[in-house]
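Report on the structure
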Amino acid sequence: FLFQGFYPGQLATVIALAVGTLILSLIVGDSSTHWRKRSGQSDAENQYLRHRLTEFSKDYHVLKVSHGQLEEFMAGQRLSLRQALQQLKPVLSSTPDGIMAGTELMAIFSQFCSVQVAGLYAMKSSKLPDAKPIAVHGDMGELSVFDPLLNLAIKERKLVSVKLQSIANDQHSSSLLAVVPIADSQNHLHGVLAIKDMHFMAFQQENLNILSLLGGYVGDMLTRSKGMGNSRTAWFLAELDTALRFARTNSVQSSLLCLRLKRFDQEKAVAQYIGSNIRSLDASWIPKPLDGNFTVVILLPLIEEQQCEAYLNRLSQSVLEKFDIELSAALESTRTKQISRSDSRTSCIEFIQSSGQAKAKASSQQAGPAQSDDNTGIESVA
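Heads up: these notes are all about the structure in this document. Predicted model only: the values in this text are computed from it and were never measured.

All right, on to the overall build of the protein then. When its secondary structure is counted, the protein shows 12 helices and 11 strands. Within the protein, buried positions represent 40% of all 382 residues. Here the contacts in the protein between residues at least 6 apart in sequence split such that 65% fall between residues at least 24 apart. Surface accessibility of the protein: about 21,600 Å² in total, with carbon and sulfur atoms responsible for 54%.

Shown next, in the form of structure tokens:
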């Protein structure tokens, strides 16, 4: 009625204006709500991105510092683990009891496993270690023979350590962090490495696995340095057993290389040269041939199957310089096998037999003496 009194002739126009204003208000309000919602989402996303950027910056600087430390470490790391073990072999063989070369052994553990305070102890008997250390690293004194970690490691012949959570919360009761038995593949215990302190970042499962691996590897080296497994066949089989054991327990990669030669005048000489021209960590075996063709079997520990090609290239160059013969022309076949945790001595011998059709009954033979084939230096497994 108000509109009728003041605007008697414009009632329809006023109603249309009011309805239009109402609709426009609804549209503006809806648009405002929508854009406020989008603005709030953008603010939240921006705040999250700033938070992630801060975290990324921190991670970047930590990584940069770690990379710098890694560069410093690699600059000061003169030897690889493989080279260090190669140099250790003659040292162990130079003494009647190889473990008495404790300083060299301790250097391996301290350099490659970040051991800060530790001691190397020989065994008085199969269950009792000598309390006096052969070698120490850091402030390490006499060993408590009643330490529970020590007794468990000697009993189990395996690396024993306190739990990672216990060391983080300082709740472990033992004075030792870890005990590494120096034992061979036959569970003969040469000694123990008792670790009292390590770098905090090094006390991780991966580093403990390396310690366990080194303990077993050094144990096998000590056994062979005492003259056990002197025959070429027994030595090769002992090395093969070691590679198989580490593949099962520590997933360590090793390769088996079978080179079958063609028949030619210098076949035997080339086979003997290939078998003898190996690195100190490798092992070679030349089974007695049944069909006249020689097969040279080479075990390459700590080498992946893909890396065998580089080894063959170096071997080819060496054979060319020695005999003026291309190795590829002298070989009838070349086969490689990556040793995995599912392999056994039997499967490896079957692989060798299929490569060279050689007489190899070593799968049922323990590491005992083998017969030499006349004076050729080529041994057969009888």
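This next bit is on the sheet that holds strand β8 (residues 295-301). Taken together, the four strands give an open sheet; going across it, the order is β7-β8-β6-β9, and neighbouring strands pair in antiparallel fashion. One side of each edge strand has no neighbouring strand; the edge strands of this open sheet are β7 (283-285) and β9 (331-339). Between one strand axis and the next, the sheet turns through 15° on average, direction left out of account. Taken together, the three bridges between β7 and β8 define a ladder with antiparallel strand orientation. If you follow alanine 283 over to β8, its bridge partner there is leucine 299. Against the sheet, helix α8 (residues 232-250) contacts β6 (254-261), β7, β8 and β9, and its axis sits at roughly 130° relative to β7. In the packing of helix α10 (residues 308-323) onto the sheet, the strands contacted are β6, β8 and β9, and the crossing angle to β6 comes to about 40°.

What follows is about the nonpolar core. The biggest cluster of nonpolar side chains holds 52 residues, and the ones touching the most others in it are Val192, Leu193, Ile195 and Leu211. Where this core is concerned, the elements lending two or more residues are α3 (81-93), α4 (102-113), β1 (115-122), α5 (148-156), β4 (178-183), β5 (189-198) and α7 (205-225). If one sorts the elements of this core by residue count, α7 sits on top with eight residues. Contact partners of valine 192, with chain neighbours within four places excluded, come to Gly119, Leu120, Tyr121, Met123, Pro129, Leu143, Leu150, Ile154, Val179, Val180, Pro181 and Ile182.

Aromatic ring pairs are reported here in terms of the distance separating the ring centres and the angle at which the planes meet. Under the counting rule described, the total for this entry stands at two aromatic pairs. Pairing tyrosine 273 with phenylalanine 323 gives two aromatic rings, centres 5.5 Å apart and planes at 80°, and the pair type is edge-to-face. Separated by 50 residues along the polypeptide, tyrosine 273 in helix α9 (residues 267-276) and phenylalanine 323 in helix α10 bring together distant segments of the chain. Each member of the pair, tyrosine 273 as well as phenylalanine 323, carries the same accessibility label: buried.

Strand order in the open sheet formed by five strands is β2-β1-β5-β4-β3, and the pairing between neighbours is antiparallel. Among the strands making up the open sheet, the edge pair consists of β2 (135-137) and β3 (160-161). The pairing of β3 with β4 spans two bridges and is antiparallel. Within the sheet, the bridge partner assigned to valine 160 lies in β4 and is valine 179. Contacts between α4 and the sheet are confined to β1, β2, β4 and β5, with β1 contributing the most and set at about 150° to the helix.

With that settled, consider α5. What α5 keeps buried is the set Leu149, Leu150, Ala153 and Ile154. Axial view of α5: buried residues confined to an arc of 130°, hence all on one face. In α5, the exposed positions that point more than 90 degrees away from the buried face belong to Pro148 and Lys155. Buried-residue contacts for α5 involve β3, β4 and β5. Between the side-chain oxygen at the start of α5 and the backbone nitrogen of leucine 149 there is a gap of 2.9 Å, and the oxygen is on aspartate 147. In the segment just after α5, arginine 157 is the residue with positive phi, at about 60°.

Here is what the cut-offs are and how they apply
Residues numbered from 1 in each chain as written. Predicted model: local features only at pLDDT ≥ 70, side-chain atom pairs only at ≥ 80, totals over all residues. Heavy atoms only, no water. Helix = DSSP H or I, 4+ residues; strand = E, 2+ residues; numbered from the N terminus. Buried < 20%, exposed > 50% of the residue type's maximum accessible area, 1.4 Å probe, protein only. Contact = heavy atoms within 4.5 Å. Areas by Shrake-Rupley, 256 points an atom, 1.4 Å probe, with all protein chains shown as cover. Pairing = 2+ DSSP bridges. Axes fitted to C-alpha atoms, helices over the stretch in contact; angles between N-to-C directions. Core = buried A, V, L, I, M, F, W, Y, C linked by side-chain atoms within 4.5 Å. Phe/Tyr/Trp six-rings, centres within 6.5 Å; stacked < 30°, edge-to-face > 60°. Arc of directions from axis to C-beta. Polar contact = N/O pair within 3.5 Å; in protein donor to acceptor, adjacent residues only side chain to side chain.

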